[in-house]
Amino acid sequence: MATYDNLLHDSIDQLGLQFDDTQYAQLSTYIKELELWNPTYKLVGASGNELITKHIVDSLSSVPTILDLLSGKQDPTIADLGSGAGLPGIPLAIALRDYRFTLVERMGRRVGFLNNALVLCRLSDRVSVYDQDLSQVKGSFDLVTFRAFHPLYDILDAVEPILAPDGVICAYKGQEDQLRMELEQVEKQCKSKWTVSQVSLSVPYLDAQRMLCILHKG
Ligand SMILES: C[S@@+](CC[C@H](N)C(=O)[O-])C[C@H]1O[C@@H](n2cnc3c(N)ncnc32)[C@H](O)[C@@H]1O
C-alpha cells in the first residue's frame, strides 16, 4: 500500500466519486510515473501528499460538474489543452471511462511522458496525444478543459473553432477575484462571445479557493 493511499481514497470518497480497483490501479500507476519522472522533467511543483491533493484530487474535483454538463450526450469527446504532465486530462480520463480524450501539448518531452503514461495506465485506446500547438489543432470537441494554461482573454478566440456548436469549456481557476478580472478582459479583448457561469470547487484537504469557469458559445 502506497503512503498516499488513504488520502487518495478518502479524497475520492469526499468528492462523491466511486472508483473500482482498476481505476485505483490506473491512478496509482500514473502517480508513480509522475514521481519517477518529476525530478528529471520538472512536471509538477509538488510531491507526496501535496501532489495528491494539489494535482490529482484537484483535477478530479470537476467530475460531478462534467457529468452534469455532458449528460445525455452520445460518445462525448473531451480535449485537455496545455495538458503538461496530463493534468487534468489523465485523472479525468480514469474517472470518466466512457469518454474519449485528446491531450494537447506542444512541449516534446512532456508529450513523451504522456504517451508513456497512457500505455502504462492502459488508456491509449481512448486517450490520444496531439503533439501540437493549440493553433494547429483540428477537430470538434464537446468539452474542452484547461488548467494553469493561458489567461482566458489570451486563449478563447483560439479555442472557439475547435469547440462543437453546443460545446462547453471548463477552465480550472483559482481565486474568484482573479477570475472576475480575467472575464472583464475577455469582454474587452476577445472577438468570440461567451455565456459564462462559475462553480465553486471543493478540493478535500486543500486550503485554497478553486473555481471552475464554464463557458458556452454565444
Ligand atoms: C503551466 S503548464 C500546466 C500543465 C497542466 N495543465 C497542469 O495543470 O499542470 C502549461 C502547459 O501548456 C503548454 N502550452 C502552453 N501554450 C500552449 C499552446 N499554445 N499549445 C499547446 N500547449 C501549450 C506548455 O507546454 C505547458 O506544458
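Thresholds, definitions, all that
Residues numbered from 1 in each chain as written. Predicted model: local features only at pLDDT ≥ 70, side-chain atom pairs only at ≥ 80, totals over all residues. Pairing = 2+ DSSP bridges. Helix = DSSP H or I, 4+ residues; strand = E, 2+ residues; numbered from the N terminus. Axes fitted to C-alpha atoms, helices over the stretch in contact; angles between N-to-C directions. UniProt positions renumbered as here; feature names shortened; annotations may be inferred. Buried ≥ 20, exposed ≤ 12 C-beta atoms within 10 Å, placed from the backbone. Near = placed C-beta within 6 Å. Nonpolar A, V, L, I, M, F, W, Y, C, P; charged D, E, K, R; others polar. Core = buried A, V, L, I, M, F, W, Y, C linked by C-beta atoms within 7 Å. Contact = placed C-beta atoms within 7 Å. Expected span 1.5 Å × (residues − 1). Bend = angle between axes of the 7 residues up to and from the residue.

**Quick look at the sheet that holds strand E4 (residues 141-147)**
Next up, step 1: Read across the sheet, seven strands follow the order E3-E2-E1-E4-E5-E7-E6 without closing on themselves; strand pairing throughout is mixed. The open sheet has two edge strands with one neighbour each: strand E3 (127-130) and strand E6 (194-201). Neighbour-to-neighbour, the strand axes of the sheet open up by a mean angle of 20°, direction not taken into account.

**Examining the UniProt feature "binding site: S-adenosyl-L-methionine" (unreviewed entry) in the protein chain**
Next up, step 1: Mapped onto the present numbering, the UniProt feature "binding site: S-adenosyl-L-methionine" (unreviewed entry) falls on Gly 82, Leu 87 and Arg 147. Considering the C-alpha atoms alone, the annotated residues occupy 66 residues of sequence yet fold into one spot, their largest mutual distance being 8.6 Å.
Next up, step 2: Considering the arrangement of structural elements, one finds Gly 82 in the loop between strand E1 (77-81) and helix H5 (89-95).
Next up, step 3: Using a count of 21 C-beta atoms within 10 Å as the deciding quantity, one classes Gly 82 as buried.
Next up, step 4: Within the secondary structure, Leu 87 is located in the loop between E1 and H5.

**Observations regarding the site of the ligand**
Next up, step 1: Close to the ligand lie 16 residues, the nearest being Gly 82, Gly 84, Arg 106, Leu 134 and Arg 147.
Next up, step 2: Of the residues assigned to the shell around the ligand, the class counts are eight nonpolar, three polar and five charged.

**Some thoughts on the nonpolar core**
Next up, step 1: If you look at the biggest cluster of nonpolar residues, it comprises 56 residues, and the most contacted ones within it are Val 144, Ile 169 and Cys 170.
Next up, step 2: Ignoring anything within four residues of it in the chain, the contact list for Ile 169 reads Val 144, Val 159, Leu 163 and Leu 215.

**A closer look at helix H2 (residues 21-41)**
Next up, step 1: Taking 1.5 Å of rise per residue, 21 residues should cover 30 Å, and H2 covers 29 Å from first to last C-alpha, within 8% of that figure.
Next up, step 2: The sharpest bend along H2 measures roughly 25° and falls at Glu 35, with the proline Pro 39 sitting one to four residues further on.
Next up, step 3: Along H2, the residues classified as buried are Gln 26, Leu 27, Tyr 30, Glu 33 and Leu 34.
Next up, step 4: Residues of H2 that are buried sit in contact with helix H1 (5-14), helix H3 (48-60), H5 and helix H6 (108-120).
Next up, step 5: Taken from the residues just after H2, Lys 42 is the one with a positive phi, measuring 50°.

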